[in-house]
Amino acid sequence: MTSKEQNTGHLLRNLALTLLGLMLVCLVFLSGVMVGHRLSTAGLLNNTSILPTIPALEAEDSGPDDADFQVFWEVWNTVEDRFYYDLPDSQTRMYGAINGMLDTLNDPYTAFITPEAARILREDFSGSFEGIGAYVEQAPEGGVYIIRVFEEGPAEEAGVRAGDIIIAADGIDLTDMTLNEALLHVRGPAGTPVVLTIVREGEPAPLEITVTRARLDVPTIESRMLEGNIGYVALFEFNATANTRLRNAVQELIDQGAQSIILDLRDNPGGYLEQSVDVADLFLDEGVVLIQRDVDGNVREYRSHNGDFAEDIPLVVLINGNSASASEIVAGAIRDQERGVLIGETSFGKGSVQLLYELSDGSELRITYANWYTPDNLSISGEGIAPDIVVETPTEPTATDPQLERAIQYLLTGQ
Amino acid sequence: MNQASKEVNSERHILHAVLQGLVTGLLLGAAFAAGFLFRDVVNRPTPSQTSFDLLREIDGLLASHYLYEMPDETTRIHGAAAGLVASLGNPYTYFQEPQASEVDTTNLAGRFGGIGAEIGRDEQGRFVIQRVYRDNPAYNAGIVEGDIILAVDGVPVDTSATDSNQLLAAIRGEVGTPVTLRLQRGDEVFEVTVVRAEILIPSVFWNLVEADPRIGYIKITSFTERTPEELRQALSELSTQGAQAYVLDLRDNGGGLVDSAVAVVSEFISGGVVLYEQRRGTGERVLNASQGGNALDAPLAVLINGQTASASEIVAGAFQDRGRAILIGQQSFGKGSVQVILTLSDGSSIHVTTAEWYTPNHHRLEGQGLTPDRTVEPVEGRDAQLEAALEYLSERLALVEGEY
């Protein structure tokens, strides 16, 4: 071989080797990707991010095989391939699937909550929020309908009125959104302004009102002194601040000379279970508040303890057909421990407990996982708690409050 | 010297080899690690993949923690499928569980085992023969409209029944088996035994107009596989009887097979566009009329109303846009979307809107419908819409006959 041919031979050989080397490196790189991906989908790498609020239960990997979801995937693919119109995005479709699956359970309390709704609800139940200060609902034709404005809140001060419909916030059209999505645009950090486009009856064109948001308390408590040194306190919901605010209110009433307490739980739809236990504890000495039994047969007792400042003061609890869940826990404990008198109407009858899971994308799953029972081990599901003294709610609005008056009468006369 | 340097060289070679091995190993290890770390960038999960994990996550949580008795896996998955389809927000696109699927296909084919008559009720609640289908067992046995049914196979008819389902179930049965009906006609009560046959539900009914025998009245109730054949029979009979113009009544016709609709149009128009079909992605498809129609020149009026839908609107729209006929009556329903029924691996099915139809002038039917050339509202006690059609055709015939 000549030297030149040798060199060419060398070059070619080196080239081939280099190429082979590169191919090998790529192959190894890709195998790294594959292995990483496999481990990932098997859940061994990711945090499955399930944060229950009550007992730490773990999601077993007892879910269905992909084979069981075969038909679901057929439907998914068919829709993507064949549907004539524009498809909603895949997240919307998947949320639709989730809701469809939950519908088969026929349990209104087991529900899926989108990330937007979850944020709003979490904020609401924290006891305070940052926004404009109004009670709202969805307007029939879209937009946010103002039921009432908070007294002396930012909305009222800026001139927003009951009956107004907010159709845009900072120029963003709200009329196509769900209420919770819309609220995410209306609410915002305290101190920041938002320009609301408002439709008001009698005004020919929409108004623009700028509101400076503030941090506001979710209305939770109302209290005042009544005749005969009776302290009256109404609790609207068992949000995260319920116990603290209630204790402050009751302490204040006692400081003002209250010698008996009326705890008004009418129209209180419930809330956090722990809050209800703490509220009951204020009035109860050592004993059981509720017993919880879950799907696995686990039994858990929640107890009250001695040492709180309202364990002896004469007590009446007002309930009606809308007093539910956490309200019924309190009423049931007070009844079974013979601590006080229940006046009003039979309560709602919600004796189930939901677990709140925050899911990986910020959405929330509420699952009915347990029933609770009163200290005497009675289930109130579907039946509610019957008051000791029955006073019906008037069918038409009246100037007087017969249930409250009966409570006052009982405390003053003992009958 | 050579020996020593050879030994030194081979030591160096070994050293080289080891170093090379180490470097290669490190390099490959680094490549693997890089692939591992960048797995998500390289193989980004699709949105449906990540949110499907959510569905499985939730299904798993339910299986573990839900307090009450859960419906079985299949029901849950069907629920998810139904919810998925519902999220599309299209009323004609929906998921159907296995048992319900079977009913659809039989209706469009048009067959079952019976005697070939329609049954209704009179003011006294008695069950009455309302219509007899030509050339079917009841017709051949001499049963006519107006006969009152007193008993079936000896069992008296229950006139207190809320609907006719039980009666129909007794009359229908396996093809080839007999059924005996006790009937009342006027004062006469008699029995007749009929052998059940596979009844081909007619979709076309026709007669010569009594008030003007130059006009043939043809009613099409739906577009089935047999409609074109029945229409040809109608045209043949009516033209033999002297019809020179036609009223085509599509009122309350909810639609049916598009091929059937095109064939119907082809009886009256030779060639050219009947409709356009638009699917996502594949562009436009044209359906043309065929040749060889039997009524290409006769003046034609088409009756439509608010229940005239889908394939009926294709027919009426083609006639209107091609200038072949005028439409008389009320605005039609406005359904120009096309659905297919797809069966899935476990017997469930999905109805999905896959296309939309447009008339020859590219008028969109969906949500809009057709506007009649002459609007005539229904009137109590007489058929004002038919009367208007007859008036129009009479005028046209006068022109044809040269009376100016």
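Because the structure is predicted, anything quoted here is derived from the model rather than measured. (Residues numbered from 1 in each chain as written. Chains lettered and ligands numbered in written order. Predicted model: local features only at pLDDT ≥ 70, side-chain atom pairs only at ≥ 80, totals over all residues.)

Here we look at the overall build of chain A
Right, on to step 1. From N to C terminus, chain A includes 10 helices and 19 strands.
Right, on to step 2. The buried share of chain A, reckoned over its 415 residues, is 37%.
Right, on to step 3. Here the contacts in chain A between residues at least 6 apart in sequence split such that 65% fall between residues at least 24 apart. (Helix = DSSP H or I, 4+ residues; strand = E, 2+ residues; numbered from the N terminus. Buried ≥ 20, exposed ≤ 12 C-beta atoms within 10 Å, placed from the backbone. Contact = placed C-beta atoms within 7 Å.)

Remarks on the overall build of chain B
Right, on to step 1. Assigned secondary structure in chain B consists of 11 helices and 19 strands.
Right, on to step 2. Split into buried and exposed, the 404 residues of chain B put 37% on the buried side.
Right, on to step 3. Considering only intrachain contacts with a sequence separation of at least 6, the fraction spanning at least 24 residues in chain B is 66%.

Comments concerning the nonpolar core
Right, on to step 1. Counting residues in hydrophobic clusters, the biggest one holds 88 residues, and the most contacted among them are A:Val75, A:Val233, A:Ala280 and B:Ala81.
Right, on to step 2. In contact with A:Val233, other than residues within four places in its own chain, are A:Ile221, A:Ser223, A:Leu246, A:Ala249, A:Val250, A:Leu253, A:Ile261, A:Leu263 and A:Asp264.
Right, on to step 3. Counting residues in hydrophobic clusters, the runner-up holds 56 residues, among them B:Leu235, B:Tyr246, B:Leu365 and B:Ala388. (Core = buried A, V, L, I, M, F, W, Y, C linked by C-beta atoms within 7 Å.)

Digging into the confidence of the model for chain A
Right, on to step 1. Per-residue confidence for chain A gives a mean pLDDT of 87; residues scoring 70 or more make up 88%.
Right, on to step 2. Note that residues 40–64 of chain A has pLDDT below 50 and, in this model, 37 contacts with residues that lie over four places away or in other chains. (pLDDT = per-residue confidence, 0-100.)

Describing the sheet that holds strand 16 (residues 341–344) of chain A
Residues and elements named next belong to chain A.
Right, on to step 1. Within the open sheet, the six strands sit side by side as 10-11-12-15-16-19. Their pairing is mixed. Only two strands of the sheet have a single neighbouring strand rather than two, namely strand 10 (221–226) and strand 19 (389–390).
Right, on to step 2. For strand 10 and strand 11 (residues 230–235), the ladder comprises six bridges, and the chain directions are antiparallel. When the bridges of strand 11 are listed, Arg 224 appears paired with Tyr 232.
Right, on to step 3. Across the sheet, helix 7 (residues 242–255) touches strand 10, strand 11 and strand 12 (260–264), and the angle it forms with strand 11 is around 165°. (Pairing = 2+ DSSP bridges. Axes fitted to C-alpha atoms, helices over the stretch in contact; angles between N-to-C directions.)

So, the sheet that holds strand 16 (residues 326–329) of chain B
Two orientations exist for strands paired in a sheet by backbone hydrogen bonds: parallel and antiparallel.
Residues and elements named next belong to chain B.
Right, on to step 1. One open sheet holds the six strands; their spatial order is 10-11-12-15-16-19, and the pairing between them is mixed. The open sheet terminates on both sides in strands that have one partner only, identified here as strand 10 (204–208) and strand 19 (374–375).
Right, on to step 2. As defined by bridge partners, strand 15 (residues 300–304) adjoins strand 16 across four bridges and the pair is classed as parallel. The residue of strand 16 that forms the bridge with Val 302 is Leu 327.
Right, on to step 3. The strands that helix 10 (residues 311–321) touches are strand 15 and strand 16; relative to strand 15, the one it contacts most, it runs at about 140°.
Right, on to step 4. Contacting strand 11 (215–220), strand 12 (245–249), strand 15, strand 16 and strand 19, helix 11 (residues 384–400) crosses the sheet at an angle of about 155° to strand 12.

Brief notes about the packing of helix 7 of chain A against helix 8 (residues 273–283) of chain A
Residues and elements named next belong to chain A.
Right, on to step 1. Between helix 7 and helix 8, whose axes approach to 9 Å, the crossing angle comes to 20°. The pairing of helix 7 with helix 8 is recorded here as roughly parallel in orientation. In this structure, helix 7 meets helix 8 at a crossing whose hand is right-handed. Between helix 7, through Ala 242, Asn 243, Leu 246, Arg 247 and Val 250, and helix 8, the contact on the second element is made entirely by Gln 275, Asp 278, Val 279 and Leu 282. (Parallel < 35°, antiparallel > 145°, perpendicular 65-115°, else oblique. Left-handed = near helix turned anticlockwise from the far one by under 90°.)

Remarks on the packing of helix 8 (residues 227–240) of chain B against helix 9 (residues 258–268) of chain B
Residues and elements named next belong to chain B.
Right, on to step 1. Running from amino to carboxyl end, helix 8 crosses helix 9 at an angle of 20°, the nearest separation of the two axes being 9 Å. With respect to helix 9, the axis of helix 8 lies roughly parallel. Here the hand of the crossing between helix 8 and helix 9 comes out right-handed. Of the residues in helix 9, those touching helix 8 at Thr 227, Pro 228, Leu 231, Arg 232 and Leu 235 are Ser 260, Ala 263, Val 264 and Glu 267.

Let's talk about the pairing of strand 14 (residues 299–304) of chain A
All names here are of chain A.
Right, on to step 1. Both strand 13 (residues 287–294) and strand 14 contribute to a ladder of six bridges, which runs antiparallel. Note on strand 14: the bridge partner recorded for Leu 290 is Tyr 302.
Right, on to step 2. Between strand 13 and strand 14, which pair antiparallel in sequence order, lie four residues; one of them, Gly 297, sits at a positive phi of approximately 85°.

Side note on unusual backbone geometry
For residues that are not glycine, phi is negative in most cases, and the peptide bond is trans in most cases.
Right, on to step 1. In this structure, B:Asp135 takes a positive phi of about 60° despite not being glycine.
Right, on to step 2. Inspection of the secondary structure puts B:Asp135 in the loop between strand 4 (127–132) and helix 6 (137–140).

Examining helix 9 of chain B
Every α-helical turn comprises 3.6 residues, leaving residues that sit three or four positions apart pointing alike.
Residue and element names in this part refer to chain B.
Right, on to step 1. For helix 9, the tally of buried residues reaches 10 of 11 residues, placing the bulk of the element in the interior.
Right, on to step 2. Taken together, the buried positions of helix 9 are Val 258, Ser 260, Ala 261, Val 262, Ala 263, Val 264, Val 265, Ser 266, Glu 267 and Phe 268.
Right, on to step 3. Where helix 9 is buried, its residues touch helix 8, strand 13 (273–279), strand 14 (283–288), strand 15 and helix 10.

Focus on helix 10 of chain B
Residue and element names in this part refer to chain B.
Right, on to step 1. Counted residue by residue, helix 10 has 10 buried out of 11 residues, so it is predominantly covered.
Right, on to step 2. Every buried residue of helix 10 is listed here: Ala 311, Ser 312, Glu 313, Ile 314, Val 315, Ala 316, Gly 317, Ala 318, Phe 319 and Gln 320.
Right, on to step 3. In the core, the buried residues of helix 10 are packed alongside helix 9, strand 13, strand 15, strand 16 and strand 18 (349–358).

Observations regarding the environment of A:Glu152
Right, on to step 1. Mapped onto the elements, A:Glu152 comes out in the loop between strand 4 (144–149) and helix 5 (154–158).
Right, on to step 2. Residue A:Glu152 is classed as exposed on the basis of its C-beta count, with 8 C-beta atoms lying within 10 Å.

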